[in-house]
Amino acid sequence: MAKGVHRSRRTLGAALVVAALASVATACSGAGPDHAAPPSPVSGQQGPKQAPKQAPKQGAAAPESQAQKAEKARLRKAARALAAKKWGLAEPPLEAPAPPAVKPRITTRKGFETRSEGMPPVFTTVPTKEKIVFLTIDDGSEKDPELLRMMEELRIPYSAFLSDYVVSDDYAYFARMQKSQKGGVALHNHTLNHRYLPGLSYSRQEREICGMQDVIEKRYGKRPELFRPPYGNYNDDTLRAAKSCGIKAVPLWAAEAFPDRMEWREWDRDLHPGDIVLTHFRGEEDWKGSMADMVRRVMNVITAKGYAVAKLEDYV
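Residues numbered from 1 in each chain as written. Predicted model: local features only at pLDDT ≥ 70, side-chain atom pairs only at ≥ 80, totals over all residues. Heavy atoms only, no water.

S.K.: In this structure, what is going on with helix α7 (residues 236-244)? I would like to understand it.
M.R.: For the α-helix, the turn length of 3.6 residues means that residues three or four positions removed from each other point alike. Taken together, the buried positions of α7 are Asp236, Thr238, Leu239, Ala241 and Ala242. Against β1 (122-123), α6 (202-220) and β5 (250-251) lie the buried residues of α7. A side-chain oxygen of the first residue of α7 lies 3.1 Å from the backbone nitrogen of aspartate 237; this N-cap is asparagine 235. Positive phi shows up at glycine 246, right after α7, with a value of about 100°. (Buried < 20%, exposed > 50% of the residue type's maximum accessible area, 1.4 Å probe, protein only. Helix = DSSP H or I, 4+ residues; strand = E, 2+ residues; numbered from the N terminus. Contact = heavy atoms within 4.5 Å. Polar contact = N/O pair within 3.5 Å; in protein donor to acceptor, adjacent residues only side chain to side chain.)

S.K.: Please explain the packing of helix α2 (residues 66-87) against helix α3 (residues 145-154) as it appears in this structure.
M.R.: In a pair of packed helices, the angle between the axes and the distance between the axes together describe the arrangement. Orientation of α2 relative to α3, taken along the N-to-C sense of each, is 150°, at an axis distance of 8 Å. In terms of their interaxial angle, α2 and α3 are classed as roughly antiparallel. Residues Arg80, Ala83, Ala84, Lys86 and Trp87 of α2 form the contact with α3, whose own contacting residues are Glu146, Arg149, Met150, Glu153 and Leu154. (Axes fitted to C-alpha atoms, helices over the stretch in contact; angles between N-to-C directions. Parallel < 35°, antiparallel > 145°, perpendicular 65-115°, else oblique.)

S.K.: Can you walk me through the environment of glycine 274 in this structure?
M.R.: Secondary-structure assignment places glycine 274 in the loop between β7 (262-264) and β8 (276-280). In the structure, glycine 274 is positioned 33 residues away from tyrosine 307 in sequence and 9.8 Å away in space, judged by C-alpha atoms. In this structure, glycine 274 is in contact with Thr124, Thr125, Val126, Thr128, Glu130, Ile132 and Phe134, ignoring residues within four places of it in sequence.

S.K.: Whenever I open this one, the state of the cysteines confuses me. Can you help?
M.R.: Should the sulfur atoms of two cysteines be covalently bonded, the bond is a disulfide. In this structure the tally under the stated criterion is one disulfide. A disulfide bridge connects cysteine 210 with cysteine 245, and the sulfur atoms are separated by 1.6 Å. On the S-S bond that ties cysteine 210 to cysteine 245, the torsion sits near -75°, and the link is left-handed. With cysteine 210 in helix α6 and cysteine 245 in the loop between α7 and β5, this pair connects stretches of sequence that are 35 residues apart. Classification of cysteine 210 as buried rests on a relative accessible area of 16%. Look at cysteine 245 and you get buried, because its relative accessible area is 4%. (Disulfide = S-S within 2.5 Å.)

Right, here's the structure in full:
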């Protein structure tokens, strides 16, 4: 037989051996036609992209059981009882119910209307059937660190309505206040200089309200949507100016708290569901007691009447 023929047969035999070995290797690896390994890339080309490995999915957290919820409520109640004893309250503050999924519709209180339509509503009470009230503190003159500790430990929500002429000497105090509670303390608008607004022109009222909007946004990061006119006095220009500055609502008050007494707007001299309670940042040089004395007075009244303090911004 010719040498070329023998050489061809030897080459063919070697090729068959290689193919057989490759077939055995594939069978041992469990790979079949659908699981073939990708071919090696030709020089200068990238191989096919491999799908990234995905981390195993974490199981969803199991919902809290009724027993777990009850235990958390028990611990909160115990903590409030200890804080109430520390701060000299007659009883621990009651815990407010969960806020509504949809905020109630706020309308202007009868007798507080102005000529213009579509203005921010003026109100003294939030429409609700829950036995809750809302605590608000005006101006910012007294900067008592004891107040921040007391309200945080008692877990009493409140809202501050600030005037720049008295807060400007210590903006940092209200920054601490803003972050002093879980969920935050909201800082709202009470004008730059606490003027009697109905006595000012529209442009000067706008300056007082919009200027304070700018201060709060610059110092505390958020432009308020709530505004309280000084002394509770306003006119049509006040509301038009407030609306132009981004104000959505004008909460006044149904009761006012002092360290030694309560004052009432309503004839029955009592609290009602949704009432807004006003007090001020004042110290012993201005009234008969400290900020802590005021909190003790108002909370003893609120709790004795079966009410809890809720967060105004959850409802308005």
